[in-house]
Amino acid sequence: MNHSAVSSKSTLGQQWQEFWFYFSVSKTAVAGLVFLVLVVFVALFADVISPHEPAEQYRQFAKLPPAWKEGGQMQFFLGTDYAGRDMLSRIIHGSRLSLLAGSIVVILSLSIGVLLGLIAGYRGGWLEILIMRVMDTIMAVPGLLLALVLVAILGPGLLNAMVAIAITYTPYFVRLTRASTLSELNRDYVTASKMTGASSTRLMFVSILPNCMAPVIVQGTLSFSTAILDTAALGFLGMGAQAPTPEWGTLIAENRDLILNAPWTVTFPGIAILLAVLAINLVGDGLRDALDPKLKRS
Amino acid sequence: MKKTLLAAGLGLGLALTGVAQAKTLVFCSEGSPEGFNPSLYSAGTTFDASSQTIYNRIVQFETGTTKVIPGLAESWSSSADGLEYTFNLRKGVQFHTTDDFTPTRDFNADDILFTYNRMWKEDHPYHDVGGEYLYFGWMDMGSLLKSIEKVDDYTVKFTLTRPESPFVSNLAMDFASVLSAEYADNLAVAGRQADIDNKPVGTGPFVLDSYVKDAYIRYNAHDDYWDGRSNIDKLVFAITVDNNVRYQKLKAGECHVMPYPNPADLAAMAADADINLMQQEGLNVGYLAFNTEKAPFDQKIVRQALSMAINKQAILDIVFEGAGSVAKNPIPPTMWSYNHAVRDYAYDPAGAKAMLDSAGVSGLKTNIWAMPVQRPYNPNARRMAELIQADWAKVGVDAEIVTYEWGEYLQRSRDGEHDTMLLGWTGDNGDPDNFMGVLLGCTAAASGGNRARWCHEEFDSLLNQARQITDQAERTALYEEAQEIFKDEAPWVTIAHSIVFKPVRKEVTGFIVHPLGSHIFYDGVDLK
Amino acid sequence: MLRFLINRLMLLVPVFIGVTVVAFGFIRVLPGDPVEVLAGERGVSAEKRVEILANLGLDKPVWQQYLTYLNDVLHGNLGVSVKTNRPVVEEFFELFPATAELAICAIIFAVIIGVPAGIIAALKRGSKIDQGIMGISLIGYSMPIFWWGLLLIILFSNTLNLTPVSGRLSFLFDVDPVTGFMLIDTLLSDEKGSFLNALHHLILPTVVLGTIPLAVIARQTRSAMLEVLSEDYVRTARAKGLSTFRVVTIHALRNAMITVVTVIGLMVAILLAGAILTETIFGWPGIGKWIIFSIFARDYYAVQGGLLLIAITIMTVNLIVDLLYGFINPRILHQKNKS
């Protein structure tokens, strides 16, 4: 990723090839990507794939164990919950919510964070001080705690949980973007564009922004996985998605008192979270290695 | 003290010294008390740790019933107009001696006056010490009382502003626990007024020894207790929040009694030879209230149809896991005046659908509010709402589940924002008026305590008549009639009365499950 | 050094004010009502409600409330819990040692396992061992810890009966809370076996809370080690025939230490957030459980005070880490001063 190459189209394909070359070196990263694509596929076609409606109560089959256990039935492969709802179908539909939550959190925090970071770095002055001190304040309180308080204000629910988590992630993007902007500002090409009379907005978004993107993208994938974890944690604490919405953390929370009685209602949603987050982290590691020029050489 | 407990637990040491082994009863309580003055709080956990151990009241509930019996008063009488009550106080009752206080006199009328005036009179020097006198307000004592007079050291006269038949029962409630006026005076001199609530002194069967938040409360027997020293020498509340853990400790013999078992564990407890699983129907009711001010719930036939559409037995099986009974009346069956003749709506989705059609209701979209907290009358409101949602879907009603934070939930529902909502009630004093009057009367419909916002003239006048008379048989007849009207009008779907389970280890004798929810370790409780 | 300290403190002032605004402001816009929560099903009359709000000081204009609040904060007064009528500061410091003990144990656990694992992985770069260690640490890093805790409870407490399910100490022991740190208090007391019992209670929560720090430390140590190992002087040392062991102990551990200190600094906020979940699952009587309970109960002053005190804790630890950093690597002092 060198600066002169960015604006030209023909090299974009080259860049992509180069990126894919380095990314595909890591087998685990590719495995993570494959699994992630699978999860996305399941989420997109949840209605077709899942054997039952996620909210349908088969009360005569309440608390059925998974199919391979004694008393289990093939039609409820991962067992059923207290009201006889199919765990597999609920987990499949839950993948939608988790991926959606992760994406929205990243989109929100990334776009707001990058914008504020650019402004802070480019404009400087009191605006920079204000933005950075507000970000410091947000970072002074543990993210989950701040999100909890925010959700308490906004009211529990998946959407509000996403907004709250996005707010707690914003400072990381602001800091990254500001730091890169500051270092880019001193480079020749920026000075050159300034001399030719390019507008500030053009400078900020067309010249500087693309060159700050690599670390932001890596931070974005990291945030994607932690956003899924934090959404689930809020759901678990009863402050995220509300039952009977089959969000993964909420599934664990609503079945928590059955932990001795019907442990499968707690274990499978957790495994789903773990695998999805793991896949994203594998991809994230691969991305970082592929995008980080320093590691490329070694 | 610490040595004895450990030694008792491990069963060694003491035999050598020839000292009789102290009887220690351990109660795995469900949480830390809010404090040690029951007049300031509302949680049963707090009452167990304070009013039922440290304090007495002027009159008390007989353990195991809601009958009012003498406490610090030996006897009482009321005037013919029901406005004056005179109490003859017990002589020779001693307050606890603690590190901070040594009583120089016996209990007398001054202590009664101190206790009530503190809660009642805003200019009382102790009124602003502590916090809010919650139950004193809820029972409307402030406007009910006209005066409290000390006739002599052992006679006190209460004068009321209006006749109120449940008055004496109110005085037996936890909030009316009697504090020591002498202790209060000493603390005022020392400038440590707040200690009256934190370092409690009472006349009760147990003296507070030590307390560590979220860990334990330790009590010793009150040697000079007026009703005889307790059989138990030491009482320990081992604070154990998680019901799974409480059960494990009970199994291991680390505690003798535990409250609020996880419904899912009941079968295993019943099968355990070391555990005596005691049970009693709780003095409570869980209900779904229709907002009768909103269409179509203003029509009786719609309310009846939606009542018929709910499979209550499934709720009992899934939400209560059997630890409850289907409710048909707004008061629990253990309460006097319960009308056994009332017939409940049978589960009949087809019939319900037909009734909705005849009322011209189709494609109804509505909501079910579910509270966010576990209550004695409803172990899991959201689960209950999910089941009702599915049942109603079968008769073509599309209901959305709505939840707010608990305080907001109560406030918004008091303002009538809901279509239908889940709530319930736990009895305070065993009087039917404490259910029907507070929850279904017209005054309550105006103030919002009546979540159905249902004001039925005939029903309301029956309640008003019953409140003015003291004869229980006459009152019973009126309340039975009121229950018939209630069922026909169906402002609520009465869902369940929970069954209260108390797993108690076999070596404990004489423990009684108390209908008002308290855990009492005096009155004949002993260890084998 | 002193200038550095003063500089850092000056930077904290706006953040401190920011946090007071957040703590104060957020609580004001919280929907719900502490009076209603106190009253429960029984409710409260309109007049009574006004009276209670006035007692709580909630009837004055907001800016006036804020100034009163700021003044109180500077005098160390964070108000009184609506629920228990006890000063918030008192409640916080009573429960804080429990959280601190758990967090310290989690960090020790993470360091003891994470640092050697990272070093080994670096030395055996690319081998099966390296892949194994990195794989496990990535799983740890991806772990939803609330579920992890439940899973460990199912396995170790309920199935194998090896560990207690919750709490800090069996109630059979009567240990006076001297320091609030149960491991120290049990040693100070004369109750035999209580120390082991307390240790026993600590195992699962420590593992759960330490999982993510462990993963991060292992990964960071590995990359720090790789960097050091590729430096010229290390190569030279190796070429000169110094044993790997000596190279590692002399040159690399110092770097590992810097990594660990940095990570601990980064971890404080994560540990406190993790404590909310861990303490909820294990019934651990610390500030994490306390603050979430206070949020649910709309205990205005407890949440407000708790937020502030937690932020102050994090700022303090970060400051200490910064200073430690300076001791380990004096170059940093000057670089940091400039920024």
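What counts and how
Residues numbered from 1 in each chain as written. Chains lettered and ligands numbered in written order. Predicted model: local features only at pLDDT ≥ 70, side-chain atom pairs only at ≥ 80, totals over all residues. Heavy atoms only, no water. Helix = DSSP H or I, 4+ residues; strand = E, 2+ residues; numbered from the N terminus. Buried < 20%, exposed > 50% of the residue type's maximum accessible area, 1.4 Å probe, protein only. Polar contact = N/O pair within 3.5 Å; in protein donor to acceptor, adjacent residues only side chain to side chain. Contact = heavy atoms within 4.5 Å. Disulfide = S-S within 2.5 Å. Phe/Tyr/Trp six-rings, centres within 6.5 Å; stacked < 30°, edge-to-face > 60°. Lys NZ or Arg CZ within 6 Å of the ring centre and 35° of its normal. Buried area = accessible area lost by both parts, 1.4 Å probe. Salt bridge = Lys/Arg side-chain N within 4 Å of Asp/Glu carboxyl O. Nonpolar A, V, L, I, M, F, W, Y, C, P; charged D, E, K, R; others polar. pLDDT = per-residue confidence, 0-100. Domains from an automatic or database assignment. Pairing = 2+ DSSP bridges. Axes fitted to C-alpha atoms, helices over the stretch in contact; angles between N-to-C directions.

### Here's the deal with the side chain of Thr203 of chain B
All names here are of chain B. Looking at the secondary structure, you find Thr203 in the loop between α9 (195-198) and β8 (206-212). The class for Thr203 is buried, based on a relative accessible area of 0%. Within polar-contact distance, the side chain of Thr203 engages the side chain of Asn56 at 2.8 Å. Those residues within four positions of Thr203 in sequence are excluded, and the remaining contacts are Ile54, Tyr55, Asn56, Leu72, Val93, Gln94, Phe95, His96, His222, Tyr225 and Trp226.

### Some thoughts on the state of the cysteines
Residues and elements named next belong to chain B. As enumerated under the stated definition, the model contains two disulfides over all chains in all. The residue that forms a disulfide with Cys28 is Cys255, at a sulfur-sulfur distance of 2.4 Å. Handedness of the Cys28-Cys255 disulfide follows from its S-S torsion of about -105°: it is left-handed. Of this pair, Cys28 sits in the loop between β1 (24-27) and α3 (44-49) while Cys255 sits in the loop between α10 (243-251) and α11 (266-271), and the two are 227 residues apart along the sequence. A residue is classified by how much of its surface remains accessible, and Cys28, at 0% relative accessible area, is buried. Shown here is the disulfide that connects Cys442 with Cys455, its sulfur atoms set 2.0 Å apart. For the disulfide bridge between Cys442 and Cys455, the dihedral angle about the S-S bond is near 95°, and by the sign convention the bridge is right-handed. Here Cys455 lies in the loop between α18 (442-447) and α19 (457-468) and Cys442 lies in helix α18, a separation of 13 residues in the sequence. Cys442 sits in the buried class, given a relative accessible area of 17%.

### Considering the packing of aromatic side chains
The final tally for this structure, using the stated rule, is 42 aromatic pairs over all chains. Measuring from centroid to centroid gives 5.3 Å for Tyr225 of chain B and Trp226 of chain B, while their planes differ by 45°, and the two rings are tilted. With a relative accessible area of 7%, Tyr225 of chain B lands in the buried category. With a centroid separation of 6.3 Å and 45° between ring planes, the pair formed by Tyr66 of chain C and Tyr69 of chain C is classed as tilted. Note that Tyr66 of chain C and Tyr69 of chain C are positioned in helix α4 (residues 62-74) at a spacing of three residues, about one turn of the helix. An aromatic cluster of three or more residues is present, and its members are Phe27, Phe206, Tyr219, Phe237, Phe511 and Phe521 of chain B. Geometry around Tyr141 of chain C places Arg219 of chain C over its ring, the cationic atom sitting 5.7 Å from the centre.

### Quick look at the interface of chain B and chain A
Of the residues lining the interface, 16 residues belong to chain B; the matching set on chain A comes to 16 residues. For the chain B face of the interface with chain A, the top three residues by lost area are Ile318, Arg383 and Glu386 of chain B, together amounting to 40%. Applying the counting criterion to the chain B and chain A interface returns three salt bridges. Here Glu321 of chain B makes a salt bridge to Lys63 of chain A, at a shortest N to O gap of 3.3 Å. Our enumeration of links across chain B and chain A arrives at seven residue pairs in polar contact (both at pLDDT 80 or more). Across the side of chain B that touches chain A, the residue classes break down as six nonpolar, five polar and five charged.

### So, the interface of chain A and chain C
As a measure of interface size, the accessible area lost when the parts come together is often cited. With 39 residues of chain A at the interface, the matching set in chain C holds 41 residues. Approximately 3600 Å² of surface area, both sides summed, lies buried where chain A meets chain C, with 82% of it carried by carbon and sulfur atoms. Contact with chain C buries surface across chain A, with Leu145, Ile153 and Leu274 of chain A losing the most and accounting together for 14% of the total. Counting across the chain A and chain C interface gives one salt bridge. The salt bridge involving Asp285 of chain A is made with Arg219 of chain C; its shortest N-O contact spans 2.9 Å.

### Details of the confidence of the model for chain C
All names here are of chain C. Of the residues in chain C, 89% reach a pLDDT of 70 or more, and the chain-wide mean stands at 81. Confidence scores differ between elements of chain C, with helix α14 (residues 331-338) showing the lowest mean pLDDT of 46 and helix α6 (residues 128-141) the highest of 92. Low pLDDT, under 50, characterises residues 332-339; the stretch is placed with eight contacts to residues that sit more than four places away or in other chains.

### Brief notes about the domain arrangement of chain C
All names here are of chain C. Per the domain assignment, the segments of chain C are domain 1 (1-83 + 297-339) and domain 2 (96-288). At the junction of the two partners, domain 1 supplies ten residues and domain 2 supplies eleven residues. Counting the surface lost from both domain 1 and domain 2, the interface buries some 970 Å², and carbon and sulfur atoms represent 82% of this. Inspection of the domain 1/domain 2 interface yields zero salt bridges. At the boundary of domain 1 with domain 2, the tally comes to zero residue pairs in polar contact (both at pLDDT 80 or more). Of the residues belonging to the side of domain 1 that touches domain 2, the class tally is seven nonpolar, three polar and no charged.

### Remarks on the environment of Thr262 of chain C
Positionally, Thr262 of chain C belongs in helix α11 (residues 244-282). The sequence separation of Thr262 of chain C and Arg219 of chain C amounts to 43 residues, and the corresponding C-alpha distance is 13 Å.

### Some thoughts on the sheet that holds strand β6 (residues 145-152) of chain B
Residues and elements named next belong to chain B. Strand order in the open sheet formed by four strands is β4-β5-β7-β6, and the pairing between neighbours is antiparallel. The sheet terminates laterally at β4 (73-78) and β6, the two strands that pair on one side only. Pairs of neighbouring strands in the sheet enclose a mean axial angle of 20°, with direction left out of account. Strand direction decides the pairing type here: strand β5 (residues 84-89) and strand β7 (residues 155-160), joined by five bridges, are antiparallel. If you follow Asn88 over to β7, its bridge partner there is Thr155.

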